[in-house]
Amino acid sequence: SSGLEVMGTRNSGQLRGRVSYTLSRSELKFEEINEGQWYPMKYDRRHNLNGSATYAFNKKWSVNGTFIYQTGHAVTLPVGAVMYNGNTRYIYQGRNNGRMPAFHKLDLGVTRTGMLWKKYETKLGLGLYNAYNRANPLDLDFRKNTDQQTLQQMLVIKQYSMFPILPFINYTIKF
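Everything quoted here is computed from the prediction, not taken from an experiment.

As for the overall build of the protein
- The number of helices and strands found in the protein is zero helices and 15 strands.
- Here the C-alpha radius of gyration of the protein, 23 Å, is well above what a compact globule of 175 residues would show, namely 16 Å.
- With the C-alpha coordinates aligned to their principal axes, the bounding extent of the protein is approximately 75 × 45 × 25 Å.
- Relative to its 175 residues, the protein shows a buried fraction of 22%.
- If you take every contact in the protein between residues at least 6 apart in sequence, the share linking residues at least 24 apart comes to 53%.

Looking at the pairing of strand β9 (residues 87-92)
- Direction of pairing for strand β8 (residues 78-84) relative to β9: antiparallel, over a ladder of six bridges. Following the sheet pairing, tyrosine 84 is matched in β9 by asparagine 87.
- Remark: two residues form the turn of the hairpin made by β8 and β9, two consecutive strands paired antiparallel; asparagine 85 in that turn has positive phi of roughly 50°.

Things to note about a nonpolar patch on the surface
- A grouping of Leu15, Tyr55, Phe57, Trp61, Val63, Val110, Leu124, Leu126, Ile169, Tyr171, Ile173 and Phe175 is seen on the molecular surface, where their side chains present a nonpolar patch of about 1,200 Å² in accessible area.
- Counting residues per element, the nonpolar patch draws most heavily on strand β15 (residues 166-174), which supplies three residues.
- For leucine 126, a relative accessible area of 42% translates into the label partly exposed.

Describing the sheet that holds strand β2 (residues 15-25)
- Spatial strand order, β1-β2-β5-β6-β11-β12-β15: seven strands in an open sheet with antiparallel pairing. On the outer flanks of this sheet lie β1 (2-10) and β15, each paired with one strand and no other. On average, adjacent strands in this sheet sit at an angle of 10° to one another, irrespective of strand direction.
- Pairing of strand β5 (residues 47-56) with strand β6 (residues 61-70) involves nine bridges; the strand directions are antiparallel. Across the sheet, the residue bridging to asparagine 50 is isoleucine 68, located in β6.

A closer look at the packing of aromatic side chains
- This structure, assessed with the given rule, holds six aromatic pairs.
- On the basis of an interplanar angle of 55° and a centroid distance of 5.9 Å, the ring pair of tyrosine 90 and phenylalanine 142 is categorised as tilted. Of this pair, tyrosine 90 sits in strand β9 while phenylalanine 142 sits in strand β13 (residues 137-146), placing them 52 residues apart in sequence.
- With relative accessibility at 29%, the residue tyrosine 90 sits in the partly exposed group.
- Here a set of aromatic residues connected by ring pairs shows up, and it is made of Tyr90, Tyr92 and Phe142.
- Sitting above the plane of the tyrosine 39 ring, arginine 95 keeps its charged end 5.8 Å from the centroid.
- Its end group placed over the ring of tyrosine 160, lysine 158 keeps NZ or CZ at 5.1 Å from the ring centre.

Structural notes on the side chain of serine 26
- Structurally, serine 26 is set in the loop between β2 and β3 (27-28).
- A relative accessible area of 15% means that serine 26 is categorised as buried.
- Excluding its chain neighbours within four sequence positions, the residues that come into contact with serine 26 are Ser1, Tyr39, Pro40, Met41 and Asp44.

So, the environment of proline 164
- In this fold, proline 164 is placed in the loop between β14 (153-161) and β15.
- Beyond its immediate stretch of four places on either side in the chain, proline 164 contacts Tyr129, Asn130 and Asn133.

Examining unusual backbone geometry
- Phi at asparagine 96 is positive, roughly 50°, even though this residue is not glycine.
- According to the relative accessible area criterion, asparagine 96 is buried, its value standing at 13%.
- A positive phi angle, near 55°, is found at phenylalanine 163, a position not held by glycine.
- Position of phenylalanine 163 among the secondary structure elements: in the loop between β14 and β15.

Cut-offs and rules
Residues numbered from 1 in each chain as written. Predicted model: local features only at pLDDT ≥ 70, side-chain atom pairs only at ≥ 80, totals over all residues. Heavy atoms only, no water. Helix = DSSP H or I, 4+ residues; strand = E, 2+ residues; numbered from the N terminus. Rg over C-alpha atoms; globule rule 2.2 N^0.38 Å. Buried < 20%, exposed > 50% of the residue type's maximum accessible area, 1.4 Å probe, protein only. Contact = heavy atoms within 4.5 Å. Pairing = 2+ DSSP bridges. Patch = residues over 30% accessible without salt bridge, like charges linked within 9 Å, V, L, I, M, F, W, Y side chains within 5 Å. Areas by Shrake-Rupley, 256 points an atom, 1.4 Å probe, with all protein chains shown as cover. Salt bridge = Lys/Arg side-chain N within 4 Å of Asp/Glu carboxyl O. Axes fitted to C-alpha atoms, helices over the stretch in contact; angles between N-to-C directions. Phe/Tyr/Trp six-rings, centres within 6.5 Å; stacked < 30°, edge-to-face > 60°. Lys NZ or Arg CZ within 6 Å of the ring centre and 35° of its normal.

What is shown is where atoms sit, not what they do.
This is the structure we're talking about:
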């Protein structure tokens, strides 16, 4: 593994935040796997960018946002397939020869700070996870599909995703 990581923060004033970026490479090499050649580890993510910011309008109200971008992790993808008698055999060339699509999302929120019984600080938060409803990849599935006009069979890749835009509410009491 090798890489570089940088981070900047701002901890004062009405606008506070943090931005970090990581450029990394994680590879494996075994004589019995991938013909003894180097290949990326499953969780090798070349680029990772994170940013978060909070803007305080006053002592009671603030807005916040968090953005995350990550290169898709390495996967072993078939380079072709042979179909016969209703069976499909995939053809592979190299370990972790492809990547999942990139992952990115934006979370937004608003927070109201108050007091409970003039003794305990409270915070009520409302917001959205995945505010722009990105269908981030969780898994890929390979299936046969038959063209109804030509009756020709082809492979189709289906992406499965989780967590569409999701509203949230939280309430915190400090004591």
